[in-house]
Amino acid sequence: MGRGKLRIYLGAAPGVGKTYAMLSEAHRRTERGTDCVVAFVEHHDRPRTEVMLHGLEHIPRKELTHRGSVFTEMDVDAVLRRAPAVALVDELAHTNVPGSRNSKRWQDVEELLAAGIDVVSTVNIQHLESLGDVVESITGIRQRETVPDEVVRRADQIELVDMSPQALRRRMAHGNIYKPDKVDAALSNYFRPGNLTALRELALLWVADRVDEYLNAYRSEHQVSKIWGSRERIVVGLTGGPEGRTLIRRAARLAEKGAGGEVLAVYISRSDGLTSASPKELALQRTLVEDLGGTFHHVVGEDIPAALLDFARGANATQIVLGSSRRKTWQYVFGPGVGATVARESGPDIDVHIVTHEEVAKGRGLPVARGARLGRTRIVAGWLVGIVGPVVLALVLNSVHLGLANDMLLFLALTVAAALLGGLFPALASAAFGSLLLNYYYTPPLHRLTIADPRNIVAIVIFVAVAVSVASVVDLAARRTHQAARLRAESEILSFLAGSVLRGETSLEALLERVRETFAMDTAAMLERASDVDPWTCAGSVGPGAPVERPEDADVDVPVGDHMALALSGRVLPAADRRVLAAFAAQAAVALDRQRLQQEAEQARALAEGNRIRTALLAAVSHDLRTPLAGIKASVTSLRSDDVEWSEEDTAELLAAIEDGADRLDHLVGNLLDMSRLQTGTVTPIIREIDLDEVVPMALGGVPEDGVELDIPETLPMVDVDAGLLERTVANLVENAVKYSPRGASVLVSASALADRVEVRIVDRGPGVPDEAKERIFEPFQRYGDAPRGAGVGLGLAVARGFAEAMGGTLNAEDTPGGGLTMVLTLRAVERFPGPDVRLAEPERQTT
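Quick summary incoming for the structure in this document. The shown structure was predicted, so the numbers you read here are calculated from the model rather than taken from an experiment. (Residues numbered from 1 in each chain as written. Predicted model: local features only at pLDDT ≥ 70, side-chain atom pairs only at ≥ 80, totals over all residues. Heavy atoms only, no water.)

1. Comments concerning the sheet that holds strand β6 (residues 86-89)
- Pairing within the open sheet is parallel, and its 6 strands lie in the order β3-β2-β6-β7-β1-β8. Looking along the sheet, the strands with just one partner apiece sit at the ends: β3 (57-58) and β8 (157-161).
- When strand β2 (residues 36-40) meets β6, the two strands line up parallel, connected through 4 bridges. The residue bridging V37 from the neighbouring strand is A87, located in β6.
- The strands touched by helix α1 (residues 18-31) within the sheet are β1 (6-11), β2, β6, β7 (118-124) and β8, with β1 carrying the most contacts at an inclination of about 145°.
- Across the face of the sheet, helix α4 (residues 105-114) comes into contact with β1, β2, β6 and β7 while running at roughly 180° to β6. (Pairing = 2+ DSSP bridges. Helix = DSSP H or I, 4+ residues; strand = E, 2+ residues; numbered from the N terminus. Contact = heavy atoms within 4.5 Å. Axes fitted to C-alpha atoms, helices over the stretch in contact; angles between N-to-C directions.)

So, in structure tokens, the structure goes:
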């Protein structure tokens, strides 16, 4: 028989009808012939719910006495013996009365599921463990009864029982939820419209997230590439310009209109040197996106529209938000632009929003990443204007005669245009070619490369000189403009780099990632070696693929000092980019040095902590060692004395005092040795698979008889632990619990399984520990409250937590329901494999 299935009815607040819906489902299953029983259902004196219980088989509840009162809980053993097909278990997050089989009802449900019984249960959204702080901020009430989110997530079916706040308040006013004397207080406190609306939104969003997880898993398993618009995912295309913040806010408003909307901002850069966007502006936009609950992504792609659409389809996006083009009108001759291309190729599955902004048609104005060289497109256009333009102009002027002066001005304008587009050399070619055409067609003698009139010679010479001068000035201005833009980009990068130093951002990996993004490289690595003959080692790297092993193997390497180098792989960078790269390399070296200084500081702090512990140790043991030694010395001296005749009873008492003192010394020295092993990091656990019922009883040898109550089910999975360390851990925890338990109250040691872990709970009924002291009690040499010196040096809990963490587990303290302290030891469970159905005998409660 396999594991049972769990179905959960989830509600936003009490009274929405979860229990009623569960009972309706039970009646439907019973009518179909399913063996369905009521394991535990609480109708809270609601008449309609109570009527739904009629006609269903009930498992008698188990009565428990706590502090003089009788309580009823679900009888897990009775349900397991009955072994129905389906069990109804209400209020999944309920905390059981002390003395129950498990401390939480969801643990009872886990046992039923493990036995192959299907369970139908109910829970409110405020009882989910991860939402405790959110619910407290909404309602002002801290939920003490919670259930781990993982328990609810692993349910086979989750059904939301929804009801509007107004309808729920009407039910409350009609007395369908609480008794009339409690209605007014409930409506004015917990059941306020604002509270109910917020809780309802939490429930709807939580269920929507679970549905989204199932949908993504299904799409991945079935390799579905077509976009399914199940929820709004909005991709914002950023250029790095100032309009990006407007686009992000617009996308956030669009996302708010749909339930569970998600914003993904993406910046796509070309792999051609320094990226054209301002790093400072991109950093601001990244922060804005994250503040609005979205995510920021950086993608490298040569074809920006294609890369943007590929990203959107991969993210299952339903909308793309782009800004209106900043290009001027004449720039559209080079293509329709990113926005028009994306809108044309997005298809029917993705809506494209073009958002206006203040930068529309003001020009791109982005720093050019290619230094002083003009773009390839402009150079080609300049050569076409400089070579083809004069020929076309000559053909036009041959049909329309305007005079030599006008002809020369037109050729001069064409030369200036070639200079504006392609720079100096296309302008020189245009001037030379234009002067030949002027000489051949328009200066006498015509159609000959000679000039008869000296005044024409002067005119042509002036034409060539002016053309060359204008071309030089225009080319120089264009180059200076592009150089200024590049220097601005470099200054912004260096300013951001200096700002990161002032802000104390010393992560080497973050800096290398910044280098990789800025220069659009594949990988970036910091290499170092101890001397000129030692091999290179990698101090840190980012990017896909393995980092290079030597600087000379990289596409770009920048030495830093004698024994460090920054190595980049992806392509060869132009020489102009190396100036900024050198600044990055120097900062990377500083970051590496800071990182190591921080590590050394941590080691120094660890040494200082060790010295503090040793000092505290000397102060603590000065009395705790002396007391049992003094007792042993006095007893031995008395026994050896010849002046007194000791009776057999006195002798036995003195020997018992010696034995007790020796035991105290042995325990104290053992804890001191364990603490020293933890502090020096020499604890090496031998992990193997064991059963808890093999180890836990062995840890109880030193406790008083009938002082501990064991509840270790035989159905628990095995755990991966070190048997010796686990025994010492449990022994210390039980000893601490017995020490603070009131006289006559036993300590409960129980265990339960949850997902891939097993929890061992040591429950006492002592005075408990306030929340602010729950972590402090695990520090060495800490005694809680006014514990006397004889209570020990305060190492037991510190050793227990250290051993638990050494085995890959955790140890935490919780309040015991009804008063006291519960130590929760979490261990890794051995993975279970499906096998034959084996029915184990019912575990018996042991008393030690």
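2. Side note on the packing of helix α12 (residues 304-314) against helix α13 (residues 338-345)
- At their nearest, the axes of α12 and α13 sit 9 Å apart, and the two run at 45° to each other. Between α12 and α13, the angle falls in the class oblique. Seen from above, α12 lies across α13 with right-handed handedness. Judged by residue contacts, I304, P305, L308, L309 and R313 of α12 engage V338, T341, V342 and E345 from α13.
- When grouped by side-chain class, the residues that make up the contact of α12 with α13 number 6 nonpolar, 1 polar and 2 charged. (Parallel < 35°, antiparallel > 145°, perpendicular 65-115°, else oblique. Left-handed = near helix turned anticlockwise from the far one by under 90°. Nonpolar A, V, L, I, M, F, W, Y, C, P; charged D, E, K, R; others polar.)

3. A word on the pairing of β7
- Burial analysis of β7 places 6 of its 7 residues in the buried class, which makes it a mostly covered element.
- Sheet analysis places β1 next to β7, joined by 6 bridges and oriented parallel. The residue of β7 that forms the bridge with Y9 is T122.
- Sheet topology places β6 next to β7; 4 bridges connect them, and they run parallel. (Buried < 20%, exposed > 50% of the residue type's maximum accessible area, 1.4 Å probe, protein only.)

4. Focus on the packing of aromatic side chains
- Per the stated rule, a full pass over the model turns up 0 aromatic pairs.
- Between R61 and the ring centre of F40, over which it is positioned, the NZ or CZ distance is 4.0 Å. (Phe/Tyr/Trp six-rings, centres within 6.5 Å; stacked < 30°, edge-to-face > 60°. Lys NZ or Arg CZ within 6 Å of the ring centre and 35° of its normal.)

5. Observations regarding the pattern of salt bridges
- Applying the stated rule across the entire model yields 23 salt bridges.
- Of the charged contacts, one joins R154 and E150 as a salt bridge, the two residues approaching to 3.7 Å between their closest N and O atoms.
- Between K774 and D815 there is a salt bridge, with the nearest N and O atoms lying 2.8 Å from each other. Note that K774 is positioned in the loop between β22 (757-763) and α24 (796-806) and D815 in strand β23 (residues 810-815), a separation of 41 residues in sequence. (Salt bridge = Lys/Arg side-chain N within 4 Å of Asp/Glu carboxyl O.)

6. Digging into the sheet that holds strand β17 (residues 564-569)
- Spatial ordering of the open sheet is given by β15-β14-β17-β16, a layout of 4 strands whose pairing is antiparallel. Since the sheet does not close on itself, it has two edges, and those belong to β15 (537-542) and β16 (556-560), each with one partner. On average, adjacent strands in this sheet sit at an angle of 20° to one another, irrespective of strand direction.
- The sheet contact formed by β16 and β17 spans 5 bridges and is antiparallel.

7. Remarks on the pairing of β22
- Among the 7 residues in β22, 6 count as buried, and that is most of the element.
- Pairing between β22 and strand β24 (residues 821-828): 7 bridges, direction antiparallel. Residue R757 lies in a different strand from β24, and its bridge partner there is R828.

8. Regarding unusual backbone geometry
- Its identity is not glycine, yet H44 carries a phi of approximately 55°, on the positive side.
- By secondary structure assignment, the location of H44 is in the loop between β2 and α2 (47-52).
- Backbone geometry at A83 places phi at a positive 50°, although glycine is not the residue there.
- Topologically, A83 is positioned in the loop between α3 (76-82) and β6.
- Of the residues examined, A83 reaches a relative accessible area of 30% and is grouped as partly exposed.

9. Let's talk about the nonpolar core
- One finds L88, L112 and V147 to be the most contacted residues of the largest nonpolar core, which totals 63 residues.
- With 6 residues, the single largest contributor to this core is helix α9 (residues 193-221).
- Aside from chain neighbours lying at most four places away, what touches L112 is M74, V76, V79, L80, A87, V89, I117 and V119.
- Counting 44 residues, the second-largest nonpolar core is a separate cluster that includes V703, L716, V719 and F778. (Core = buried A, V, L, I, M, F, W, Y, C linked by side-chain atoms within 4.5 Å.)

10. What about the side chain of D75?
- With respect to the helices, strands and loops of the structure, D75 is situated in the loop between β5 (69-73) and α3.
- Summary of buried charges: D75 has no salt-bridge partner, and the nearest side chain of opposite charge, R81, is 4.7 Å away.
- A distance of 3.3 Å separates the side chain of D75 from the backbone nitrogen of D77, its partner in a polar contact.
- Discounting chain neighbours no more than four positions away, the residues touching D75 are P60, R61 and K62. (Lys, Arg positive; Asp, Glu negative; His and termini not counted. Polar contact = N/O pair within 3.5 Å; in protein donor to acceptor, adjacent residues only side chain to side chain.)

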